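# Inside the fold
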Amino acid sequence: MLDVIFSFDFFSSVLRMSTPLIFTGMAAVIGAKADILCIAYEGMMLFAALGGVLGSFYTQNLLVGVLVGVICGIIIAAIFAYFVMYLEARPLLAGLALNTLGSGGTVYVVYLLTGMKQNTSNLQSLRFPNVEIPGISSIPVLGDLLSGHNLCVYLAFLSVIAVWFLINKTRLGLRIRAVGRNPEAAASVGINVKKTKFIAMLLSGLLASFGGMYMSMGYLPYFTTDMTAGRGFISIAAQNMGLGNPALTMLFCLVFGLAMAVGNMAQSYRLPSQFASMLPYVVTIIGLVIMGIKTKREETHVKKTAHAVGNGAKGLEEKV
Amino acid sequence: MSKGKVVDSSKQIELRFSVLRTAVAILISLVIAFILIATVSDNPGGDFITLLTGPLQNSSRMTTIVSKFIPLLFTGTAICMVNSAGQINIAAEGAFFAGAVAATMVGVIEGIPAIIHIPLCILAGAAAGAVIMGIPGILHVKYNVVTIVAALMINYVALYLGLYIILNPLRDPAAGFEASYPFAESTSLPTLFGNPRIHIGLILGVIAVIAAYLLLYRTGFGLSARTVGNNKKFAVYSGMPVGKTIIGISLFAGCLAGIGGTVETLGNYQRFMYTDFTNHGWDGVMLAVLCHNKPQYMPLAALFLAYIRTSADALNFSSSVPPEIIEVIQAVIIIFVAAEKFMAGWEHKAIVKNSQKELGTQGGE
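I will try to describe carefully the structure that is included in this document.

The rules we used
- Residue numbers run consecutively from 1 along every chain, following the written order of its sequence.
- Labels are handed out in written order, letters beginning with A for the chains and numbers beginning with 1 for the ligands.
- Local features in a predicted model are, by the rule used here, given only for residues with pLDDT of at least 70; side-chain atom pairs are given and counted only at 80 or more, and totals for whole chains, interfaces and linings are based on all residues.
- Where side-chain values are given, they derive from all heavy atoms of the structure, hydrogens and water being excluded.
- Labels follow the DSSP assignment, with helices taken as runs of H or I lasting at least four residues and strands as runs of E lasting at least two, numbered in each case from the N terminus.
- For each residue, the accessible area found with a 1.4 Å probe, counting protein chains only, is set against the maximum for its type, and the residue is called buried under 20%, exposed over 50%, and partly exposed in between.
- We call two residues contacting when some pair of their heavy atoms lies within 4.5 Å.
- The accessible surface values rely on the Shrake-Rupley method and a 1.4 Å probe; as for residues, cover is taken only from the protein chains in view.
- Note on charges: Lys and Arg go in the positive column, Asp and Glu in the negative column, and His and the chain ends are not counted at all.
- To locate a charge, take NZ of a lysine, CZ of an arginine, CG of an aspartate or CD of a glutamate.
- Radius of gyration: over C-alpha atoms. The globule rule applied is 2.2 Å multiplied by the number of residues raised to the 0.38 power.
- By definition, the buried area sums, over both parts, the 1.4 Å-probe accessible area that each loses when the two are put together.
- Residues adjacent in sequence count toward polar contacts only when both atoms are side-chain atoms; beyond that, a polar contact is any pair of N or O atoms within 3.5 Å, and within protein one must be able to donate a hydrogen and the other to accept it.
- With a 1 Å grid spanning the protein atoms alone, the term cavity applies to any set of points in which a 1.4 Å probe fits but cannot get out, the term pocket to an open set with protein on both sides within 12 Å along at least five of seven lines, and the term lining residue to any residue with an atom within 4 Å of a point.
- Grid points are joined across faces, edges and corners, and a volume is the space filled by probe spheres set on the points.
- Classes in brief: Ala, Val, Leu, Ile, Met, Phe, Trp, Tyr, Cys and Pro nonpolar; Asp, Glu, Lys and Arg charged; the others, Gly included, polar.
- Definition of nonpolar core: a set of buried residues of the types Ala, Val, Leu, Ile, Met, Phe, Trp, Tyr and Cys, connected through side-chain atoms within 4.5 Å.
- Note on patches: the residues involved have over 30% relative accessible area and no salt bridge, like charges join within 9 Å, and the nonpolar side chains Val, Leu, Ile, Met, Phe, Trp and Tyr join within 5 Å.
- By salt bridge we mean one thing: a side-chain nitrogen of Lys or Arg within 4 Å of a carboxyl oxygen of Asp or Glu.
- Here, expected helix span is obtained from the residue count minus one, scaled by 1.5 Å.

Across its full length, chain A holds 13 helices and 2 strands. Based on the C-alpha atoms only, the size of chain A along its principal axes is roughly 90 × 50 × 40 Å. Expressed as a percentage of the 320 residues in chain A, the buried residues total 51%. Long-range contacts, defined as pairs at least 24 residues apart, comprise 74% of the intrachain contacts of chain A with a sequence gap of at least 6. Of the roughly 14,800 Å² that chain A leaves accessible, carbon and sulfur atoms contribute 66%. Both charge centroids of chain A, one from 22 positive and one from 13 negative side chains, sit 5 Å from each other.

Helix and strand content of chain B: 14 helices and 2 strands. Relative to the globule expectation of 21 Å for 365 residues, the C-alpha radius of gyration of chain B, 23 Å, shows essentially globular dimensions. Projecting the C-alpha coordinates of chain B onto the three principal axes gives extents of approximately 85 × 60 × 35 Å. Within chain B, the fraction of its 365 residues that count as buried is 55%. Looking at chain B alone, contacts between residues at least 24 apart form 77% of all its contacts between residues at least 6 apart. Looking at chain B, you have 22 positive and 19 negative side-chain charges, and the mean spots of the two groups are 14 Å apart.

Another aspect to go through is the interface of chain A and chain B. The partner chain B presents 46 residues to the 45 residues of chain A that form the contact. Surface buried jointly by chain A and chain B totals about 4,200 Å² across both partners, of which 78% is contributed by carbon and sulfur atoms. Ranking the residues of chain A by area buried against chain B places Tyr-108, Gln-274 and Tyr-281 of chain A at the top, with a combined share of 15%. On the surface where chain A and chain B come into contact, there are 3 residue pairs in polar contact (both at pLDDT 80 or more). Contributing elements (two or more residues each) for the side of chain A that touches chain B: α4 (62-86), α5 (91-114), α11 (231-241) and α13 (274-319) of chain A. Among the elements that make up the side of chain A that touches chain B, the one with the highest residue count is α5 of chain A (15 residues).

In this section: empty space enclosed by the protein. Leftover empty space is mapped by rolling, across the atoms, a probe with the size of a water molecule. Under the criterion given, the structure shown has 1 cavity of 30 Å³ or more. Taken as a whole, the largest cavity encloses approximately 40 Å³ of empty space. For the lining of the largest cavity, the per-class residue count stands at 6 nonpolar, 2 polar and 1 charged.

Our focus in this paragraph is the nonpolar core. Grouped together as the largest cluster of nonpolar side chains are 194 residues, with contacts concentrated most on Tyr-41, Met-44 and Phe-80 of chain A. Sorting elements by how many residues they give to this core places helix α6 (residues 147-167) of chain B first, with 15 residues. The contacts of Tyr-41 of chain A, once residues within four sequence positions are left out, are Thr-24, Ala-27, Ala-28, Gly-31, Asn-99, Met-201, Ser-204, Ala-208, Gly-232 and Ile-236 of chain A. In terms of nonpolar packing, the next biggest core, distinct from the first, is built from 5 residues, Val-14, Met-17, Ala-261 and Met-265 of chain A among them.

Turning our eyes to something else, we now look at unusual backbone geometry. The backbone of Asp-35 of chain A shows a phi angle near 60 degrees, a positive value even though the residue is not glycine. Tracing the backbone shows Asp-35 of chain A in the loop between α2 (8-33) and α3 (41-59). One non-glycine residue, Asn-144 of chain B, lies in positive phi territory at about 60 degrees. Its place among the elements puts Asn-144 of chain B in the loop between α5 (114-143) and α6.

Here we come to a nonpolar patch on the surface. Residue and element names in this part refer to chain B. Together, Ile-115, Ile-116, Leu-120 and Leu-123 make up an exposed nonpolar region whose accessible area comes to about 420 Å². In this fold, Ile-116 is placed in helix α5. By relative accessible area, which is 44% here, Ile-116 ends up partly exposed.

With that out of the way, let us pick up helix α1 (residues 10-40) of chain B. Taking 1.5 Å of rise per residue, 31 residues should cover 45 Å, and α1 of chain B covers 45 Å from first to last C-alpha, within 8% of that figure. Of the residues making up α1 of chain B, those classed as buried are Ile-13, Phe-17, Ser-18, Arg-21, Thr-22, Ala-25, Ser-29, Ala-33, Leu-36, Ile-37 and Val-40 of chain B.

Residue and element names in this part refer to chain B. As for its placement among the helices and strands, Ser-224 is situated in helix α8 (residues 220-230). Relative accessible area serves as the criterion here: at 8%, Ser-224 is assigned to the buried category. At 3.1 Å, the side chain of Ser-224 and the backbone oxygen of Phe-221 are in polar contact. Not counting the four nearest positions on each side in its chain, Ser-224 is found in contact with Met-240 and Thr-245.

Our next topic: the layout of surface pockets. All names here are of chain B. The volume enclosed by the second largest pocket comes to roughly 1,400 Å³. If you trace the second largest pocket, you find 38 residues lining it, with Ser-18, Cys-291, His-292, Asn-293 and Lys-294 closest to the centre. Among the secondary structure elements, those contributing two or more residues to the lining of the second largest pocket are α1, α3 (59-84), α8, α11 (280-291), α12 (298-318), α13 (325-338) and α14 (344-364). Residue classes in the lining of the second largest pocket are distributed as 18 nonpolar, 11 polar and 9 charged.

This part is about the pattern of salt bridges. All names here are of chain B. Under the defined criterion, the tally for this structure stands at 3 salt bridges over all chains. One salt bridge connects Asp-172 with Arg-271, and the closest N-O pair in it is separated by 2.8 Å. Of this pair, Asp-172 sits in the loop between α6 and β1 (191-192) while Arg-271 sits in the loop between α10 (242-268) and α11; the two residues are 99 residues apart in sequence, bridging distant segments of the chain. This pair shows no difference in class: Asp-172 is buried, exactly as Arg-271 is. Note that Arg-309 is salt-bridged to Asp-283, the shortest N-O span being 2.9 Å. Within this pair, whereas Arg-309 is found in helix α12, its partner Asp-283 is found in helix α11, the two being separated by 26 residues in sequence. Residue Asp-283 is classed as buried on the basis of its relative accessible area, which comes to 5%.

Right under this line is the structure:
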């Protein structure tokens, strides 16, 4: 089995599993920076996945398909943002509603337009192409590792850099962080809090859309019911593990992707795959606990120091 | 300063509007449902009537309503409890699943008399559920972990651990499909009204609702739980045992969800059949929204959800309309009921008008 794990096939299977997680993980990073508890990524992904398939099928143009998919995902993000920001719906409930809508609404649209209920496998929709990187593809080992993957795989890694840049190096990123950390302070210096959060959510929707479209236009060549299968939630977990840092979040997305790939492999060897599938969640819980212990220790340390300082001051008073 | 009976308090107006908002949300969702049906159906009128009255058309469907109603009582009440304490603990999904698995582990043992066997199964289910829902609560209190993230994670742990137990040590190779050994005969739940599909889970569910209501609204523990939910800082400063309350209520809610999984599995199946989440936990979240976290309204909300689910079955049976449009209806209801500011303009006007009236009468005294 070890020779399988160290094969190129397995490596690319890890990448395939991680790609949608990275996109949506980056979406979650932006959401978290703006301090929005969004769980609607499943809904955004599903609608974008369907939009991409239908758009590319009807126009036979990949770019138009992608555009339609992105618009679908962003519309869900906008509905979420509108209800949460302007109608003061609890984010969890708005998220739940939109995930439910994603699950049922996509089935309805598929049936309305194609008459099929389970998937769109009869439609000749387009896929993202695989990319051979000129120069690198001819290098023996490196070429096999780095070249020939789906376009989305490369875009996913680029999105990590883009999100890092956006958050840390742009005015918009600064504003998003400001409204996320202290909305009152941000408002006091003239930042429109609601508008900034709204924009953050739309950007989040854009990234999640690519996560969804990769599922139906790369990972599989068609849309099927509930095809995201909890990936939106897993991305939220990765974001939490990564403390909102894009690079760390990407790392945890890769860990989850690895565990999924191992789970798939175990299944094909007829081994109990459940432990491999369970592993990332257990790791996340342990990680969250370790982080919790650390912050608690720091807090008590601060308290103790403050106490010591206080005693010292008392001592001084007595001397005087 | 006597408050005249002619004027309402603002609280009453708020309550009236929250009921009105729910009604309007249901109305909007029905209009949307009609539009959706009209676009895909050959017989929109007939299908819409099926959606509205299908569940009442024969006794078998009415039984289906009750059988769908039972598990919802448990998970809905469980979510009401944790929500009241301000905990977004959606591990009810995992707790329901774990309850079913634990009940199966006890239920496949042969040779225990029914009078002991059924309580044992329920106990096992409750314990498993309490563990699954308790963990996010404990992690939140002890280690500051965000409850919803821990709950999402623990759900998957419950799912895969449960599937491992069912598909390896408990798998029946003779079944021909992926399922556990059959339950012992001594686990078959007593039925009610002479109907084989309505089991004592119904009574247990009603007891669960009453117990949750009494605990939340008639005990000191419930008061501190609700205080923690409304204003955690106040609870801390007034010396309430915040941590213990959160953990306690999570464990109690977990017991309920676990028992729900137990009676659902033992009451409806011959062996463990689930291969994935059953979605009862998320349904519970929706129900808790509809009830504003008040367990006393749970039977009504659960009945409503069970009814439209049965409508979906009826649609699936009698027409080509995909039953998933029920999910669209659910989504619309949740989002409009959750939107606090939806119709807030009217509500505000009503409250202002009322206050003016109140001031006016007082001024006259």
